[in-house]
Amino acid sequence: MKRDQTKEKPTVTVPQRSNDEIVVDFESDERDMFEVARSVGQSFPRTDALMKTMGLAEYTDDLHFRDLAYGMILRSPHSKADVRLVDDREARAVPGFLGLLTPDDVPDRLYNCSGNPPSALIIPDERILTWHPKCLGDRILAVVAETPEACEAALRALHVEYDVQEPVMDVRKALAEDAPQVQPERSENNLMYHMHLAEGDVEKGFAEADHIFEETFYTQPIHQLYLEPTSCVCHYRQDGKITVWSPSQTLFQERRILAELFDRSESDIRIIKPAMGGGFGARQQLHNQHIGVLLSKMIYRPVKILNRREEDITASSTRHATTCTIKIGVMDDGSIKAVSIRNLLNGGPYITHTPTVGAAAGKKFQYHTEHYSYDGISVYTNSLTAGAMRGYGNIQVVFGREILLDRIARALNLDPVETRLKYHLQVGDHFPAADYDILSCGIEDCVKKAERIRATIDAERPPRDDDEVREAWGIAFCCHSSGPSNRDGMSSAVVMANDDGSVVLSIGSADIGQGSETVMAQIAAETLGIPFENVEVRAADTAATPYDTGTFASGQTFVCGNAVTIACRRMRDNLRDGLARFYDTDASEITDDGQRFAVHTEEGIIFLDFIEAVGKIAFGMKGMVVIGQGSYKALGSPPPFAVCYARARYDKRTDQVAITDIIEVVDVGQPINPEQVKAQVHGGVATGFGYAMIEDIEYNRRAKKTQSVNLLHYKAPLMNDVPRIYADIAEGVKDPAGPFGAKSVGELSAVPVAPAVANAVARASETEIAAMPICRVLPPAAYTADRRDIRFDDTSLQGGAR
Amino acid sequence: MIHPFTYKKADTLREARELATSPTGRVLAGGTDLVPNLKDESLHAELLVRIAPLPELSGIRTLDDGTIRLGAMVTLSEMDQSALLNEQVPELAYAAARVASPQIRNLATLGGNLMQDRRCIYFNQSHDWRSSIERCYKTGGAICHQGPRSPVCRASYYSDVATALCVLDAKVNVWLDDREQTLPIAAFCERHGKLNGTSVPERILIESIDIPPREGKGYFIKEGVRHSIDFPLFNAAGSIFRKENGRIGIRLAAGAVTAHPILLSDTAARMEALINGDETEESDTPVTIAELAMKEVNRAAVFIVEDNITPKVKRTLFQSLGVLTDRLLAEAKAFV
């Protein structure tokens, strides 16, 4: 990524600049010449880019340990069963076998693996190991051995008997009166949680509406499909201290869960996050760390557990499948009178995140309506356990909502973009059923920019409508949150200066591959008034970095960014106090414009930038150690907004559909690193495109479990399958609550893609879409831009040409 | 975990023939199909026979009579990039180009592609996944999960290359029953399809594939969930050529619908009749060539549970045959 040269501050050489103090006149304009290059708004390459590109970054599986042993888990091959261990003698005789854990050997204690902070919604209902597996991949037994091969051989040598039972997979069947109970200890009727939100009186609103539109939408379960497999190394030392290395989004929560499970003090447990290959929500929970700790305790050696992809797909968490009924009452002019949303979520057998996922969409209806109701009803089933995933409950509801709004626009002959804009919430408004106001909104600029891109594309390749092909655009709007929408977000930072003016920024926030460490370095550099290169970030180690709620809800830039800003401002305050001591003056005699300190003396003003100020006082005789610390508790969760346009190509001869172009423009407030924002949009579009068109965790009726357990059967788009992507950012928006006006982008970018794709497909093929993946209704046109293909033409080119 | 096996490298053709057709021998060529199955333990090998790059099994060359001979060990990348194939038999070069990914094509061989295992969502699974269901015909059991009442395996054969070879009337030179034999591609595929639906070893070594000279053109189409890497959901090839007697000939084949590619002979015959003027398109006949081809595929197709699509969508994909037959008919006008 090349830095935009035009935006970069010119390097200024000041002839008289030396180690001597520069004394200038009060009124001099030359003061601006000392301003350092700004960091916020610049597209710096990521701080980890070089090491990752060279293959030198160390992920959990790359770490070396003396005496490392390996752990492996026996997972249920059935969706529901009772298990009996008949004989383990052969397993114990496997060369290299070190130990076996059964459900009887682990603390008999319920927990919730979710990495959300404790709340009434995080209900414990899961055990470390179980004799009664409730879904495919559920944990039954674990072994520890000298090698992974010995683990596998030992597991294979266990004589285990399954009493297989009929699973209940479907939410509606699970709610039927005679349905078998999935979690008898927790729920008699398989109802997990019911969240109801309302404003106004929807029945009254529907009675007053000119038209009523209603549809039930189905969204399928999909997997996060991070590249790095889930792994952990756990070391239980003889002195009772525990260290865990693992890809974790929420290490402080995982520490709390482990402490509770094992009756330990949190200070006995240290969690370290090495380089991480993605999370997308799946690492916002405890996975195998508890088993790793218990296996390690048997031998007091570090134990590594590395999931196979099959274990990752079946036994981490999936996106919730939903059956969502949306009813919208509108007037002739398209204004919305009333909305009711009834969202049934398939949670699988354990609660994990489900109640909060079910609530997440409730307060994100971004159009004016007088009457509104939302019901998020989550249900226990024996499907794979569902949990957090990019888009967290919002993406499913936006899918149906934006499709239904498109149908309304078509039925009433209204422009789908104009109508959405006309009735869109603005600054000062609040979301229905929410108690906070919108403080910034750049939706209009999103539309303007998207329209401009669309016009360019259409000028180059006018949409076809002939005997063979019809092409059409579909659009969708969305919003999301910056940090948890319940304002759970909290973070902290410590920044320490070295005597050369460089700093070390210590944060608990976990960079999971999205680049947050780079962004935090930019925020710190900007706040301290130092070059970006002078900030070194140390992050995500519970024993060495300060608390952070966790990397989720797209909250890092907003929540941790605010904490970093506070810590850096405090550092400058401390520095001013130090300067006062150095110059034997009062701190009130020193002003700080964020770039330079001005020490008012009788001879005039002494100006010092950060490096000079630190040079004066750090570690010296009259000096001090300059540290700044700050913590931030989110008071809100500013919504970012996005507009997505997708262009579909329908082949009239074969009924095949292809998506050729996707435009997405996001309002993220002030982008801290614009290229990273655009990279997030690219990733989000790929996530949303795969979701819309092909991805699915499919249930197999004969095997009574999912068949999509590996990358052969679970099909996600590769780079070459993704359409052309046009990413852009709304300009001139600054959220008052965000650091430098920033909001979030990570999840936002994935949310509007599927409905935009569905609306494009519906308009091009004249087939109404109410379920995903679309390949179940219309076959994808998966041919290449190879000239040897008889259907090749320039417009059929998908993202990656040969 | 892969079961222990004996590994032998064949340094001469004689050795290769002997080992490959021994009762327990299994040929390891590119390994891109076999090794994943060994890892999943859906297949076991007692004796893995690594074929060294033998001259008899390598290279693409033209014989004196114009026949194109491809060694069994020619990689799919070589086929994709071969100027000769792209000029003479583009449907074959393109079929090879559409298999899997560049990395796989660099290893995968023509012989291996033809010998690939028939695939099924119950068979191509890990040992753990399969541990909850009975063994099927292909894994030594007595049931087909795709059709529990079926007396035979219903897995599909997903070779893209084989479909293209069918319309080229290719011949497969093999070592079988202790002698050199030449099998027409269709017969070869039928034999492979039948035996590969069981756990009976095939005891065959493909040595080369011959493509007779053709004055004509050919096309290949492939449908899949993704264009980047997938096995086909459906594929088809069509060839138009001049016969010895001067008439125009058509060959049409479809794949990924049953245990072997199927030749759409009725449709091809009807097209030939139309092209050569034996009959004219009757305006009162509502059945178009495309519809005829689809019906022919539908008759032969065995619909099984596949990833991501329904039988209805699979049938929809057969419509792309119309694109192929239209192109062949258009080509014929220029040809006559």
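Predicted, not measured: the structure shown is a model, and the values here were computed from it.

Of regular secondary structure, chain A possesses 17 helices and 28 strands. Computed over the C-alpha atoms, the radius of gyration of chain A is 28 Å, within 12% of the 28 Å expected from 2.2 N^0.38 for a compact globule of 802 residues. Taken over the C-alpha atoms alone, chain A extends approximately 90 × 75 × 60 Å along its principal axes. Relative to its full complement of 802 residues, chain A shows a buried share of 65%. A sequence separation of at least 24 residues applies to 81% of the contacts in chain A between residues at least 6 apart. Taking the average place of the 86 positive charges on the side chains of chain A and the average place of its 115 negative ones, the gap between the two points comes to 4 Å.

With that settled, the discussion passes to helix H6 (residues 251-262) of chain A. All names here are of chain A. Between its first and last C-alpha, H6 extends 16 Å over 12 residues, near the 16 Å set by a 1.5 Å rise per residue. Of all 12 residues in H6, 11 are buried, a share of seventy percent or more. Check the buried side of H6 and you find it contacts strand E10 (242-245), strand E11 (269-272) and helix H7 (289-299). In the segment just after H6, Asp263 is the residue with positive phi, at about 55 degrees.

Time to look at the sheet that holds strand E12 (residues 262-263) of chain B. All names here are of chain B. If you walk across this open sheet you meet the four strands as E9-E10-E11-E12, and the pairing is antiparallel. Pairing within the sheet leaves two strands with one partner each, and these edge strands are strand E9 (216-223) and E12. In terms of strand pairing, strand E10 (residues 234-242) meets strand E11 (residues 248-255) through eight bridges, oriented antiparallel. Looking at the pairing, Ala236 lines up with Ala254 of E11. Sitting on the sheet, helix H11 (residues 265-275) touches E11 and E12, and the angle it makes with E11 is about 155 degrees.

A word on helix H10 (residues 185-195) of chain B. Structural remark: α-helix, 3.6 residues per turn; residues separated by three or four positions point the same way. What H10(B) keeps buried is the set B:Ile185, B:Phe188, B:Cys189, B:His192 and B:Gly193. The buried side chains of H10(B) occupy one side of the element, clustering within an arc of 130 degrees when seen end-on.

Residues and elements named next belong to chain A. Inspection of every chain in the model, using the stated rule, returns 77 salt bridges over all chains. Here Asp239 ties to Arg237 by a salt bridge, and the two come within 2.6 Å at their closest N and O atoms. Relative accessible area serves as the criterion here: at 48%, Asp239 is assigned to the partly exposed category. Judged by relative accessible area, Arg237 falls into the partly exposed class, the value being 37%.

With 51 residues of chain B at the interface, the matching set in chain A holds 46 residues. Taking both sides of the interface into account, the surface hidden between chain B and chain A amounts to around 4300 Å²; carbon and sulfur atoms contribute 51%. Counting every contact that joins chain B to chain A gives five salt bridges. Here A:Arg308 and B:Asp128 are joined by a salt bridge, their closest N and O atoms 3.3 Å apart.

Another point: the packing of helix H13 (residues 516-528) of chain A against helix H14 (residues 556-582) of chain A. Residues and elements named next belong to chain A. Packing of H13 against H14 brings their axes to within 9 Å, and their N-to-C directions diverge by 35 degrees. By crossing handedness, the relation of H13 to H14 is classed as right-handed. Residues Ser516, Val519, Met520, Ile523, Ala524, Thr527 and Leu528 of H13 pack against Gln556, Thr557, Cys560, Gly561, Val564, Thr565, Cys568, Arg569, Met571 and Arg572 of H14. When its residues are assigned to classes, the contact of H13 with H14 shows nine nonpolar, six polar and two charged.

Summarising the element assignment, A:Val745 is placed in the loop between strand E28 (724-729) and helix H17 (753-765). Note: C-alpha distance between A:Val745 and A:Asn710 (35 residues apart in sequence) is 29 Å.

Our next topic: the packing of aromatic side chains. Under the counting rule described, the total for this entry stands at 16 aromatic pairs over all chains. Consider the rings of A:Phe365 and A:Tyr372, whose centres lie 5.7 Å apart with planes at 45 degrees: the pair is tilted. We note that A:Phe365, like A:Tyr372, is buried. Judged by centre distance (6.3 Å) and plane angle (55 degrees), the ring pair of B:Tyr158 and B:Phe231 falls under tilted. Taken together, the positions of B:Tyr158 in the loop between helix H8 (127-130) and helix H9 (160-167) and B:Phe231 in the loop between E9 and E10 put the pair 73 residues apart, joining distant regions of the chain.

This brings us to the environment of A:Lys743. All names here are of chain A. Within the secondary structure, Lys743 sits in the loop between E28 and H17. Separated by 421 residues in sequence, Lys743 and Thr322 have C-alpha atoms that sit 28 Å apart. Within the structure, the side chain of Lys743 is placed 3.0 Å from the backbone oxygen of Pro639, a separation counted as a polar contact.

This brings us to the side chain of B:Lys314. All names here are of chain B. Along the chain, Lys314 turns up in helix H13 (residues 311-317). The class for Lys314 is buried, based on a relative accessible area of 4%. Of note is the side chain of Lys314, whose polar atom sits 2.7 Å from the backbone oxygen of Ala256.

What follows covers the sheet that holds strand E9 (residues 231-236) of chain A. In any sheet, the strands associate via hydrogen bonds between backbone groups, in a parallel or an antiparallel arrangement. Residues and elements named next belong to chain A. Reading across from one edge, E4-E5-E2-E12-E9-E10-E11 is the order of the seven strands in this open sheet, with mixed pairing throughout. Each having just a single partner strand, strand E4 (97-101) and E11 make up the two edges of the open sheet. On average, adjacent strands in this sheet sit at an angle of 20 degrees to one another, irrespective of strand direction. With four bridges joining them, E9 and strand E12 (residues 303-306) adopt antiparallel strand pairing. Within E12, the position partnered with Val233 by the bridge is Lys304. Here H6 sits on the sheet in contact with E10 and E11, set at roughly 150 degrees to E11. On the sheet, H7 packs against strand E2 (69-75), E4, strand E5 (139-145), E9, E10 and E12 and is oriented at approximately 40 degrees with respect to E9.

The rules behind the values
Residues numbered from 1 in each chain as written. Chains lettered and ligands numbered in written order. Predicted model: local features only at pLDDT ≥ 70, side-chain atom pairs only at ≥ 80, totals over all residues. Heavy atoms only, no water. Helix = DSSP H or I, 4+ residues; strand = E, 2+ residues; numbered from the N terminus. Rg over C-alpha atoms; globule rule 2.2 N^0.38 Å. Buried < 20%, exposed > 50% of the residue type's maximum accessible area, 1.4 Å probe, protein only. Contact = heavy atoms within 4.5 Å. Lys, Arg positive; Asp, Glu negative; His and termini not counted. Charge placed at Lys NZ, Arg CZ, Asp CG, Glu CD. Expected span 1.5 Å × (residues − 1). Pairing = 2+ DSSP bridges. Axes fitted to C-alpha atoms, helices over the stretch in contact; angles between N-to-C directions. Arc of directions from axis to C-beta. Salt bridge = Lys/Arg side-chain N within 4 Å of Asp/Glu carboxyl O. Buried area = accessible area lost by both parts, 1.4 Å probe. Left-handed = near helix turned anticlockwise from the far one by under 90°. Nonpolar A, V, L, I, M, F, W, Y, C, P; charged D, E, K, R; others polar. Phe/Tyr/Trp six-rings, centres within 6.5 Å; stacked < 30°, edge-to-face > 60°. Polar contact = N/O pair within 3.5 Å; in protein donor to acceptor, adjacent residues only side chain to side chain.

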